[in-house]
Amino acid sequence: MDKTSRLLRLMQVLRGRQTSITARELAERLSVSVRTVYRDVQALVALGAAIEGSAGVGYLLRSGFFLPPLMFSDDEIEALVLGARWVEGQGDAGLAGAAESALSKIASGSPAQLRERIAEIGLWAPRLGPPLSPAPDLGTLRLAIRQEHRVRIRYTDAAASASERTIWPIALGFFEGSRVVAAWCELRSDFRHFRVDRIAGLQPLDERYPATRRALVKSWKQSHRQAQAAQQRARDC
């Protein structure tokens, strides 16, 4: 866990306490050493967190304290809520749950007035078209992208031709009516785009692909620009 995530978790634990909690208890809750807790508490105090107590006694977050980043502007609140509601309609249960959890965390660590504003935002992102077709677990694809792992798929293209391929997924696009994964295809030795609803089977492989995702995305974008330029030249002829 990186330091930023650890500090946020520490703040969440302290917010949920009405009485002081020892460094040893915090260390057990966060799965870190007691010395790390001491350092993290000092870091939070230096950032302005109103933490009372000391080593050997226990720590308590003073009532009414809120981290400055949680004081969002109206536009920021609307962007967060609208984004979360849009995610909920994309057919990815994992992302939908994460969006709801993120808003809950923001609301739980915010003043009552801000919580009410979050609950009463009048912005919605309904899906007007037909429901998306069933698809393999999008969470599996997202994890493969995050970990830079190969994935084996059974795919049926627009011409109803079926094939088995090993791909290196680098991006997942959520379009109106479809979701598309961009990947390097070992079968074609080139970048390809696969509609997720046409993937009949998906098997993540415990193998990293040989290039970094950053390098592949750069090559993918360059390839896309070259294809667009070639299409433009063809139209100009």
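Residues numbered from 1 in each chain as written. Predicted model: local features only at pLDDT ≥ 70, side-chain atom pairs only at ≥ 80, totals over all residues. Heavy atoms only, no water.

1. Section: the packing of helix α1 (residues 3-15) against helix α2 (residues 23-30)
The interhelical angle for the contact between α1 and α2, taken along N-to-C directions, is 120°, at an axis separation of 11 Å. Put simply, α1 runs oblique to α2. Between α1 and α2 lies a crossing whose hand is right-handed. In this structure, α1 contributes Arg9, Leu10, Val13 and Leu14 to the contact, and α2 contributes Leu26, Arg29 and Leu30. Its residues assigned to classes, the contact of α1 with α2 comprises five nonpolar, no polar and two charged. (Axes fitted to C-alpha atoms, helices over the stretch in contact; angles between N-to-C directions. Helix = DSSP H or I, 4+ residues; strand = E, 2+ residues; numbered from the N terminus. Parallel < 35°, antiparallel > 145°, perpendicular 65-115°, else oblique. Left-handed = near helix turned anticlockwise from the far one by under 90°. Contact = heavy atoms within 4.5 Å. Nonpolar A, V, L, I, M, F, W, Y, C, P; charged D, E, K, R; others polar.)

2. So, the pattern of salt bridges
In this structure the tally under the stated criterion is seven salt bridges. Where Asp40 meets Arg6, a salt bridge forms, and the shortest distance between an N and an O atom there is 2.5 Å. One end of the pair, Asp40, is in helix α3 (residues 34-46); the other, Arg6, is in helix α1, and 34 residues separate them in sequence. For the pair shown, Asp40 and Arg6 are each scored as buried. A salt bridge links Asp92 to Arg142; the shortest N-O distance between them is 2.7 Å. One end of the pair, Asp92, is in the loop between α4 (74-88) and α5 (93-108); the other, Arg142, is in helix α7 (residues 138-147), and 50 residues separate them in sequence. Summarising the burial analysis for this pair, Asp92 and Arg142 share the class buried. Via salt bridges that share partners, Arg150, Glu186 and Glu207 belong to a single interconnected network. (Salt bridge = Lys/Arg side-chain N within 4 Å of Asp/Glu carboxyl O. Buried < 20%, exposed > 50% of the residue type's maximum accessible area, 1.4 Å probe, protein only.)

3. Remarks on the packing of aromatic side chains
Scanning the model with the defined rule gives five aromatic pairs in all. Both rings, one in Trp86 and one in Phe174, keep their centres 6.3 Å apart while their planes meet at 70°; by these two values the pair is edge-to-face. Placement of the pair is Trp86 in helix α4 and Phe174 in strand β4 (residues 162-175), with a sequence separation of 88 residues. Assessed through its relative accessible area of 38%, Trp86 is described here as partly exposed. (Phe/Tyr/Trp six-rings, centres within 6.5 Å; stacked < 30°, edge-to-face > 60°.)

4. Points about the pairing of strand β3 (residues 149-156)
The sheet contact formed by β3 and strand β7 (residues 199-208) spans six bridges and is antiparallel. Note that in β7 the partner of Arg154 across the bridge is Gly201. Where β3 meets β4, six bridges bridge the pair, whose relative direction is antiparallel. Residue pairing for β4: Tyr155 is matched across the bridge by Ser163. (Pairing = 2+ DSSP bridges.)

5. A closer look at the pairing of strand β1 (residues 51-54)
In this sheet, strand β2 (residues 58-61) lies alongside β1 in antiparallel orientation, the contact comprising four bridges. Considered in β2, the bridge of Gly53 is made with Tyr59. Remark: three residues form the turn of the hairpin made by β1 and β2, two consecutive strands paired antiparallel; Gly56 in that turn has positive phi of roughly 90°.

6. Observations concerning α7
Residues spaced three or four apart along an α-helix point in a common direction, a consequence of the helix completing one turn every 3.6 residues. For α7, every residue scored as buried is listed here: Leu138, Thr140, Leu141, Arg142, Ala144 and Ile145. Between a side-chain oxygen at the N-terminus of α7 and the backbone nitrogen of Gly139 the separation is 2.9 Å; the capping residue is Asp137. (Polar contact = N/O pair within 3.5 Å; in protein donor to acceptor, adjacent residues only side chain to side chain.)

7. What about the nonpolar core?
The nonpolar side chains of soluble globular proteins are, as a tendency, buried together. By size, the foremost hydrophobic cluster in this structure holds 17 residues, and its most contacted members are Leu10, Leu14, Leu26, Leu44, Ile51 and Tyr59. Here the element with the most residues in this core is α1; it accounts for five residues. Those residues in contact with Ile51 that lie beyond four places of it in its chain are Leu14, Val41, Leu44, Val45, Tyr59, Leu60 and Leu61. (Core = buried A, V, L, I, M, F, W, Y, C linked by side-chain atoms within 4.5 Å.)

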